[in-house]
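Given next are the chains, with one letter for each unit.
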Amino acid sequence: MRSGVLGIVLAGLTMSVSLTAAAPAPAVQQYYPGPGIYCFGYNECAPIAYSRQVFSDAELTNLIGEGSDNCVGSGSQIYISTPQLPSGFELATPMYVCSSYGPYLPPEW
């Protein structure tokens, strides 16, 4: 029984690995390591500053707070200072990227 289950698991893993390896690589692709980060290439990434609005309801009709992120630099590190807003349903809109050369607006935005 164990060897049958192990065989099925190994066959599934082999299939998933072969399916991922078969996918063609795109010619040019922007690299996004996660939400809130924009990368200019694989070596230079910077945080994204957002304009934030907080609503008390899911329909986004009752605004209870708003604010904007600020870029903060310390030495060679750049990070975002997020305003303290009340809890609720947040709507965050990207404003610009906090690059080492100053605020940057990507052309695709």
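The present account deals with the structure reproduced in this document. None of these values were measured; they are calculated from a predicted model. (Residues numbered from 1 in each chain as written. Predicted model: local features only at pLDDT ≥ 70, side-chain atom pairs only at ≥ 80, totals over all residues. Heavy atoms only, no water.)

## Comments concerning a nonpolar patch on the surface
Here's step 1: On the surface, L60, F89 and L91 cluster together into a nonpolar patch covering about 240 Å² of accessible area.
Here's step 2: Within the secondary structure, L60 sits in the loop between β2 (45-55) and β3 (63-68).
Here's step 3: Since its relative accessible area comes to 35%, L60 is described here as partly exposed. (Patch = residues over 30% accessible without salt bridge, like charges linked within 9 Å, V, L, I, M, F, W, Y side chains within 5 Å. Areas by Shrake-Rupley, 256 points an atom, 1.4 Å probe, with all protein chains shown as cover. Salt bridge = Lys/Arg side-chain N within 4 Å of Asp/Glu carboxyl O. Helix = DSSP H or I, 4+ residues; strand = E, 2+ residues; numbered from the N terminus. Buried < 20%, exposed > 50% of the residue type's maximum accessible area, 1.4 Å probe, protein only.)

## Concerning the nonpolar core
A general trend in soluble globular proteins is that nonpolar side chains are found buried together.
Here's step 1: Judged by nonpolar contacts, Y38, A46, I48, Y50 and V97 together constitute the single largest core of 5 residues.
Here's step 2: In terms of residue count, β2 provides more of this core than any other element does, 3 residues in total.
Here's step 3: Apart from residues lying up to four places away in sequence, Y50 is in contact with G36, G67, S68, D69, A92, T93, P94 and M95. (Core = buried A, V, L, I, M, F, W, Y, C linked by side-chain atoms within 4.5 Å. Contact = heavy atoms within 4.5 Å.)

## Regarding the pairing of β2
Here's step 1: Burial analysis of β2 places 8 of its 11 residues in the buried class, the great majority of the element.
Here's step 2: Sheet analysis places strand β1 (residues 37-39) next to β2, joined by 3 bridges and oriented antiparallel. Across the sheet, C39 pairs through a bridge with C45, a residue of β2.
Here's step 3: Linking β1 to β2, which pair antiparallel, is a turn of 5 residues.
Here's step 4: With 8 bridges joining them, β2 and strand β6 (residues 89-99) adopt antiparallel strand pairing. (Pairing = 2+ DSSP bridges.)

## Comments concerning the pattern of salt bridges
Here's step 1: Inspection of every chain in the model, using the stated rule, returns 2 salt bridges.
Here's step 2: Between D69 and R52 there is a salt bridge; the shortest N-O distance is 2.8 Å. Of the two residues, D69 is situated in the loop between β3 and β4 (70-74) and R52 in strand β2; the sequence distance between them amounts to 17 residues.
Here's step 3: Notably, a salt bridge pairs E90 with R52, separated by 3.2 Å at the nearest N-O pair. Of the two residues, E90 sits in strand β6 while R52 sits in strand β2, which places them 38 residues apart along the sequence.
Here's step 4: Overall, the relative accessible area of 45% leaves E90 in the partly exposed class.
Here's step 5: The network of salt bridges with shared partners includes R52, D69 and E90.

## Notes on the packing of aromatic side chains
Here's step 1: Taken as a whole, this structure holds 3 aromatic pairs when the rule is applied.
Here's step 2: Between the aromatic rings of Y38 and Y104, the centroid separation amounts to 6.5 Å while the plane-to-plane angle is 50°, which identifies the pairing as tilted. Of this pair, Y38 sits in strand β1 while Y104 sits in strand β7 (residues 102-104); the two residues are 66 residues apart in sequence, bridging distant segments of the chain.
Here's step 3: Taking the relative accessible area as the measure of exposure, Y38 reaches 3% and is therefore buried.
Here's step 4: Under the relative-accessibility criterion, Y104 is labelled partly exposed at 30%.
Here's step 5: Grouped by ring-pair contacts, the aromatic residues Y38, F40 and Y104 constitute a single cluster. (Phe/Tyr/Trp six-rings, centres within 6.5 Å; stacked < 30°, edge-to-face > 60°.)

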